[in-house]
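Notes for the structure review
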Amino acid sequence: MMLRQVVTLLVVLLLPGLSHSFNPNYGTSVTHRSITETAILRKILEVCQDLGIATRGDFTLTIDDNLSVNAVLRACSSDPSSTSPLSSDDFQTAIKTIHRHNTKVDIHYASTAARHFDNEAFQEGRNIITKGLVNVKTNAIIGNFWTGRKILGEICHTLQDFYSHSNWVELGKTTPYSTLIKQDQPLENLAGVNVPTCRSCTGDNCQNNILPEVITQQLITSGYFESPSNDKPAGKCSHGGYSDQTSFKDPVGGINKDTQDSSHGFLYQEAADLALDATLELLEDIRVAVGDRNFLRFMGVSQSSALCFVIDTTGSMRDDIAAVRDVTFRIIDSRTGTPEEPSLYILVPFHDPKFGPASSTTDPDVFKASINRLTASGGAGDIREKSLSGLHLALATAPPASDIFLFTDASANDAHLKNTVTALIESTKSVVTFMLSDVLATRRGQSDGQNPLTRSMTQAETEIYRDLARASGGQTIEVSKLDLTQATAVIEDLTANAVVTVFQAAVDPGRPMNFSFVIDASVRNIIIYITGVQRSLTFRLTSSTGVSQDSSQPSGPLATFSTVGNLRRISLNSTTDTGMWEISVNSRSPYIVKITGQSSVNFVYDIVEEREGAHGGLDSLDGRPPGGNVTLLVTVTGSDTATITHMTLFDSSSMSEIHGSVQRVSVLSSAVLMTSWVVVCQSEQSEAADFRSKGLKPPALRSRFQTFLNLTAGRPFDLFPVASSPYSKPLGMQLSSIQGLVANGNTGSTTDILAHDIGLFKAEGEAKLRHQRAGTNKAVDETLGRFLSVGNKISIISEEHLPDENAPHLGLCSEACQSLGGNDYLVRFREVPAKEFVVRLRGEDSSSTSKTTSDRFLRQASTQLKTSSISVTAQANSSSIEPGSSLAIPFTVSSSISGKFPLQVSNDRSYATTAPNSVTIALGSGGEANGMVTLTVPASAKSGTDVTVTIEVENAAATEMNFAVLRFSVVTPVTDISSPVCQIVNITGICPASSSLCATTQWEFIAKLTDGINGTGIVTVSLRQGNGILNTSMEVGPGGENITVVTYSSSCCSQSVEVAAVDGVGNVGRCVGQAMAMTTPAPTATTASTTPALTASVGWLMLIILCSLLFIILVAFLCKSFKNMFCRQYDEKRVLKD
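Residues numbered from 1 in each chain as written. Predicted model: local features only at pLDDT ≥ 70, side-chain atom pairs only at ≥ 80, totals over all residues. Heavy atoms only, no water.

1. Here's the deal with the environment of Lys137
As for its placement among the helices and strands, Lys137 is situated in helix H5 (residues 122-142). Lys137 has contacts with Asp285, Ile286, Ala289, Val290, Gly1066, Asn1067 and Val1068, leaving out every residue within four places of it along the chain. (Helix = DSSP H or I, 4+ residues; strand = E, 2+ residues; numbered from the N terminus. Contact = heavy atoms within 4.5 Å.)

Spelled out as structure tokens, the structure:
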């Protein structure tokens, strides 16, 4: 049958005045997101080229504004020309974290002037940047990457807003204002609070509204922004736009350059270019302070993941510790120096009553030493251990999306942390695999020679581990201690490079099931894991070509498998049989099927909310999403040619999926700012219900959709509302018209749109289209459909038919997928499964050139999601906290149900917290209750320590929960704000004018660097420019200060040098030198045989002759002088004698 659907054409328009900064994340204009990402990619590629990585072989990549994440990562890999799988997930996740917190500045700090350099808050804005910069450097150096990225995103937003909100561009500046990132330099030429800076605009023309004397005196000012107040000092500039109430007060108008349609939109591109250059300068400062390799790790440029172990160290764990030691050393020894070398090593020990501390390092030898120091001891008393406390610490320490392996043979005595650990699993998307030894066997704990204990861990006690493994997409592997070493092969599998999950499902209770999965051309080293009671489990594997192998064949045509404990590990033979495979499993006990492989192609996602108004955009949702619908921001990783065909929510408990067709929609050209088309699929029934809920009659459907897209190329058109529409119920300001020019005449073409005369109110009605038909001069009006505008969004509804709902390439249209440009998609689901679910992606990769291989691929996220009718939001006014101080964290709990909601607050550092035990949502309270958490950091806490705070809320029946996870950085106040100072001592050597002689001539540069008597001292000195040799030595200055003497020597082929010095808090000072060069005038006449080398030689010869002549003349002069003196003496003697 044919399924009728209503297609909604959503035209997203950003109007003048509806923005308060560069657009936050997506659109056709330059946005905070595009500025930040472009700067990151350019800087990372520059670092890789300077390290000599990205220039090996024939692989080259130009540093420009058209770089992609995948291309840059490939260029920075150890072998850019290799076709081996290379995961860009960590890189994408790092960039998305920076983007996310850049965007949140417009959401959480919308009215904070200093965050946007509004209201001439220059000193306060600079303080935010410089304090945040110190914090970023500290966290990057010690490995707290998540916290550092968060703060980097925030300060990038503030820095970029300076160029849009101030008059820096209007002053004719073409380079960034470097003082904004240097706390020791004064902010100069700031317009005083009583100095008028603007005059009213002439109508909509604001090109000359800044006073001429402000320009001539080079005074720096910015626009005032207030809403709903219109207060501003007399004569001051406004930000401008409908949202800014000060722009309606004399002087009227504004100076912002957020969009091309802004008050000073004519300088929009200049502001965006300067914002990009300033971001590059900021990233360069961080790079120099933390070092090139650390900078790449901070940005997620790693070819492999972290290796993270959480280990029980009680007396019975000697065999387990030995197995961990064996697998760790095997991984390190085999992967060091290869692309699969772990990017970070993390170890968290635990027993009872202690756990931790967590140690992390990038040095494999240091990690080996930490493993060797582990000893198994204790165990007398309660055999339960603090396993969840150790896991809690590991989840807070490890990078997002890490694989964590927990070893124990005991149950948990801290089961109250289950919700906390679950919250961190969902927040970080990390995968936890539990390695349980001797389940149901005796626990041989001993303490200092005491008698062994005879206690057992039952299946019921291991249930908490199985629940957490399922929540993370991990496994619970139960083996004997004798078989533990064999089971650790899983660790080597899962920590390999670019491991992706192709399919995973949990079956409970156990029953026979058939599972289909797709093998694509990009995936290799495919392994199927089946965990469950193995004695009653059988399976049958069938390839895409129909070849089968069952569990009675340990080695067969398709795979080889082994069994250890409750784990069946099936390793597929190398195969080119791409396409749909199937595995049938038969078991009466619960089991999990997990299929992994190595592939560059994968995806990452965030749950987001779409926000309207002046600070509209996509805001990531922390915690569990509400029921009813879910919106995802999905990024396809590892391929610039892969596209999404389906996004589904998969519930493995019922083996059901909520899925729909995916339409990739082109984003309009940048000729018109922030204009895009979105095709939203809606069922006719739900659309009619939406109208009725508003008290409106559902509109009649009209087949005018194709007419709209088939306008005559090059002809203008006008879309306007029909005033007499029976559905028209306008509220406030109405839409007058939408005008534009048709881009081309092909079906499905996009059209640039400009909007006029629409405000932040709702307008409804019926729309008509006025256009000129081809071959005629007469304008034709045609009814297009019903329109609905809310805020800055306009929907036009018309009829469209879709193929049969059973069509395999489309399916049900229950969600919409919008391409946001590049590899990013916005996916909307109108319903979600009632139980836990995971996100699944089906796609196609057009890079596949072989006709025999499938270009369709299947990927599945590991983390289970669940909706909640409770929400908890929390936001502190700072991301950092000083040792010995307290930080207040206000939070809000929301629910449609009133009553008491139990509350639990924890942190991974065991710092003191105060919080209510519960909150109460009273009737008539709007469904909200507010509270406060206070975190107190001890005075002994080290600067750079990060602390993760989790706030969990449950309903009274404990059947639902939600959470907020916040991270803070402990930072000691910085008193050293001065950068190291350079004093050039000497430059020796003269370089020839001819480059052909440069290799035979040397020059030397000597300078002294000091951080002063009260500074934190110079920590590192590095060569930023030059190909010579840099040496350093130390001496003590006259005031007792330490002085670093740098000596740089080079051939004249490299005649410039730049040396950077970094002090103990990350301040960067620079020394710049230039070789002295000889200049030789060009000869007036040359012969055909003259060469550059000969010309230079003649120049040298002439110089030598000239010097010789001068010497001879000097000697002659001296001789004559002496002779005259001798003659006078002789004459005098003769006179006396006579």
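From this point on, the discussion continues.
2. Considering the pairing of strand E44 (residues 1002-1010)
It is a general feature of regular strands that their side chains alternate between the two faces of the sheet. For strand E42 (residues 981-988) and E44, the ladder comprises seven bridges, and the chain directions are antiparallel. Residue Cys982 lies in a different strand from E44, and its bridge partner there is Leu1009. Pairing of E44 with strand E47 (residues 1042-1051) involves nine bridges; the strand directions are antiparallel. Bridge pairing links Ala1007 to Val1046 in E47. (Pairing = 2+ DSSP bridges.)

3. Here's the deal with the sheet that holds strand E5 (residues 403-408)
Taken in spatial order, the six strands make up an open sheet running E4-E3-E2-E5-E6-E7, and their pairing is mixed. Two strands bound the open sheet, and with one partner strand each, they are strand E4 (359-361) and strand E7 (476-479). Shown here is a sheet whose adjacent strand axes are inclined to one another by a mean of 15 degrees, direction ignored. Across the sheet, helix H12 (residues 387-397) lies against strand E2 (307-312), strand E3 (345-350), E5 and strand E6 (431-437), angled at about 160 degrees from E3, the strand it touches most. (Axes fitted to C-alpha atoms, helices over the stretch in contact; angles between N-to-C directions.)

4. With respect to helix H10 (residues 318-335)
Compared with the 26 Å implied by 1.5 Å per residue over 18 residues, the 26 Å span of H10 between its first and last C-alpha is a close match. Listed as buried for H10 are Asp320, Ile321, Ala323, Val324, Val327, Thr328, Ile331, Ile332 and Arg335. The arc enclosing the buried residues of H10, seen along the axis, measures out at 160 degrees, which places them on a common side. Looking at the residues trailing H10, positive phi occurs at Gly337, about 85 degrees. (Expected span 1.5 Å × (residues − 1). Buried < 20%, exposed > 50% of the residue type's maximum accessible area, 1.4 Å probe, protein only. Arc of directions from axis to C-beta.)

5. Observations concerning H12
Three- or four-residue spacings in an α-helix give side chains the same orientation, since the helix completes a turn every 3.6 residues. Of all 11 residues in H12, 10 are buried; the element is thus mostly enclosed. Three or more residues of H12 are buried, namely Ser387, Leu388, Ser389, Gly390, Leu391, His392, Leu393, Ala394, Leu395 and Ala396.

6. Some details on the nonpolar core
For soluble globular proteins, nonpolar side chains are generally found buried alongside one another. With 61 residues, the main nonpolar core has Ile44, Phe91, Leu152, Phe162, Tyr163, Leu282 and Met299 as its most contacted residues. A per-element tally of this core places helix H8 (residues 268-290) first, with 12 residues. Not counting the four nearest positions on each side in its chain, Leu152 is found in contact with Ile98, Val136, Leu282, Leu283, Ile286, Phe298 and Met299. Residues Val348, Leu436, Val439 and Met961 belong to the second largest nonpolar core, which totals 33 residues. (Core = buried A, V, L, I, M, F, W, Y, C linked by side-chain atoms within 4.5 Å.)

7. A few points about the packing of helix H1 (residues 32-50) against helix H2 (residues 69-76)
Between H1 and H2, the least distance of the axes is 9 Å, while the angle of their chain directions is 15 degrees. Comparing the axis directions of H1 and H2 gives the class roughly parallel. Note that H1 runs across H2; the crossing there is left-handed. Taken together, the residues of H2 that come into contact with H1 (itself represented by Glu37, Leu41, Ile44, Leu45 and Cys48) are Val69, Val72, Ala75 and Cys76. Taken together, the residues of the contact of H1 with H2 sort by class into eight nonpolar, no polar and one charged. (Parallel < 35°, antiparallel > 145°, perpendicular 65-115°, else oblique. Left-handed = near helix turned anticlockwise from the far one by under 90°. Nonpolar A, V, L, I, M, F, W, Y, C, P; charged D, E, K, R; others polar.)

8. Quick word on the state of the cysteines
Taken as a whole, this structure holds six disulfides when the rule is applied. Linked covalently through their sulfurs, Cys198 and Cys237 form a disulfide whose S-S length is 1.9 Å. Note on the Cys198 and Cys237 pair: the S-S dihedral is about 90 degrees, so by sign convention the disulfide is right-handed. Residue Cys198 is located in the loop between helix H6 (145-165) and helix H7 (212-216), and its partner Cys237 is located in the loop between H7 and H8; the two are separated by 39 residues in the primary sequence. Each member of the pair, Cys198 as well as Cys237, carries the same accessibility label: buried. (Disulfide = S-S within 2.5 Å.)

9. Details of unusual backbone geometry
Note the cis peptide between Asp250 and Pro251, where omega equals -5 degrees. Among the structural elements, Pro251 can be located in the loop between H7 and H8. In this chain, Asp352 is followed by Pro353 through a cis amide linkage whose omega measures 20 degrees. Following the sequence through the fold, Pro353 ends up in the loop between E3 and E4. Backbone geometry places Asn189, a non-glycine residue, at a positive phi of 60 degrees. For Asn189, the position within the fold is in the loop between H6 and H7. You can call Asn189 partly exposed: its relative accessible area is 41%. Of note in the backbone geometry, Ala958 takes a positive phi value of approximately 60 degrees without being a glycine. By the element assignment, Ala958 lies in the loop between strand E40 (946-954) and strand E41 (961-970). Owing to a relative accessible area of 48%, Ala958 belongs among the partly exposed residues under this scheme.

10. Some details on the sheet that holds strand E48 (residues 1056-1063)
Strand order in the open sheet formed by three strands is E45-E48-E49, and the pairing between neighbours is antiparallel. One side of each edge strand has no neighbouring strand; the edge strands of this open sheet are strand E45 (1018-1025) and strand E49 (1068-1074). Neighbouring strand axes in the sheet, compared pairwise and without regard to direction, differ in orientation by 20 degrees on average. Sheet analysis places E45 next to E48, joined by six bridges and oriented antiparallel. When the sheet's bridge partners are listed, Leu1023 is paired in E48 with Val1059.

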